[in-house]
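Topology and contacts: notes
Listed below are the residues making up each chain.
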Amino acid sequence: MAAQSSLFGSSVVPFRLVFLMWATFYLELMLGIPLSAFGIEPRTFHGLIGIFTAPLIHGDLIHLISNTIPMLFLGCVLFFFYGKIGGQVFFRAYFWTNILVWLFARPANHIGASGVVYGLAFFLISFGFFRRDFLSIFISTIILLLYGGIFYGVLPTDPHISWESHFAGALVGITTAVTFSKQKSVN
């Protein structure tokens, strides 16, 4: 019974975020209000709101789905295996990634949850290498096998994709992994 509640508990935060992402998309679609205006516009006062709202806003259904699946999977893996630090890791992936985008990204409107996804993925990939215990290395290997192509997303390839969010998420994920790698108990 404890394993079921732990499995259920590990999905609460990622499912809440995904619910908010879909609810935001639905509201935008049904009300016809262009919520992309609440994205991150780097180094502008108006763009500060995007630090909180940008991961909830998506350009189209494909964009939303492409962030939903990894958010659920990576978020559940994070909270299931690293429950004691999961909240802090998720917080950093969400807010520090968006703060870095606001500070350093090119002038554009940055929306979507991919920066958070990259933060979670890079944390899970790099944590095992810094922590060096069997379970963490195993998790890192599985995530690397499933999401190894994620490394290409940190390079500027398409002007319509915020590679800066991907890069910031990767940096946050790696630095967070280094920060928590020496902590005694993580699960």
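This brings us to the nonpolar core. Membership of the largest hydrophobic core comes to 38 residues, with the highest contact counts inside it found for Met71, Leu78, Tyr82, Leu120, Phe123 and Leu124. Every element with two or more residues in this core is listed here: helix 2 (12–31), helix 4 (61–81), helix 5 (83–104), helix 6 (114–131), helix 7 (134–147) and helix 8 (163–180). The element best represented in this core is helix 6, accounting for 10 residues. Sequence-distant contacts of Met71, defined by excluding residues within four places in its chain, comprise Pro14, Leu17, Val18, Cys76, Phe90, Ala113, Val116, Val117 and Leu120. Counting 7 residues, the second-largest nonpolar core is a separate cluster that includes Ile40, Ile51, Val101 and Ala168.

Its 20 residues give helix 2 an end-to-end C-alpha distance of 28 Å, which sits within 8% of 28 Å, the value for a rise of 1.5 Å per residue. Restricting attention to buried positions, one finds in helix 2 the residues Pro14, Leu17, Val18, Met21, Thr24, Phe25 and Glu28. Taken around the axis of helix 2, the buried residues stretch over an arc of 120°, which confines them to a single face. Exposed positions of helix 2 whose direction lies more than 90 degrees from the buried face are Arg16, Phe19, Tyr26 and Leu31.

A complete count under the given rule lists 2 salt bridges for this structure. Where Arg106 meets Glu164, a salt bridge forms, and the shortest distance between an N and an O atom there is 2.6 Å. On the criterion of sequence distance, the pair formed by Arg106 in the loop between helix 5 and helix 6 and Glu164 in helix 8 is long-range, its members being 58 residues apart. Note on Arg106: relative accessible area 26%, which makes it partly exposed. Between Asp133 and Arg131 there is a salt bridge, and its shortest N-O distance comes to 3.0 Å.

Within the secondary structure, Thr176 sits in helix 8. Along the backbone, Thr176 and Val89 are 87 residues apart, and their C-alpha atoms lie at a distance of 6.7 Å. Those residues in contact with Thr176, other than ones at most four positions away along the chain, are Val89, Arg92 and Phe123. Of the polar contacts made by the side chain of Thr176, one reaches the backbone oxygen of Val172; its length is 2.6 Å.

Calculation criteria
- Residues numbered from 1 in each chain as written.
- Predicted model: local features only at pLDDT ≥ 70, side-chain atom pairs only at ≥ 80, totals over all residues.
- Heavy atoms only, no water.
- Core = buried A, V, L, I, M, F, W, Y, C linked by side-chain atoms within 4.5 Å.
- Buried < 20%, exposed > 50% of the residue type's maximum accessible area, 1.4 Å probe, protein only.
- Helix = DSSP H or I, 4+ residues; strand = E, 2+ residues; numbered from the N terminus.
- Contact = heavy atoms within 4.5 Å.
- Expected span 1.5 Å × (residues − 1).
- Arc of directions from axis to C-beta.
- Salt bridge = Lys/Arg side-chain N within 4 Å of Asp/Glu carboxyl O.
- Polar contact = N/O pair within 3.5 Å; in protein donor to acceptor, adjacent residues only side chain to side chain.

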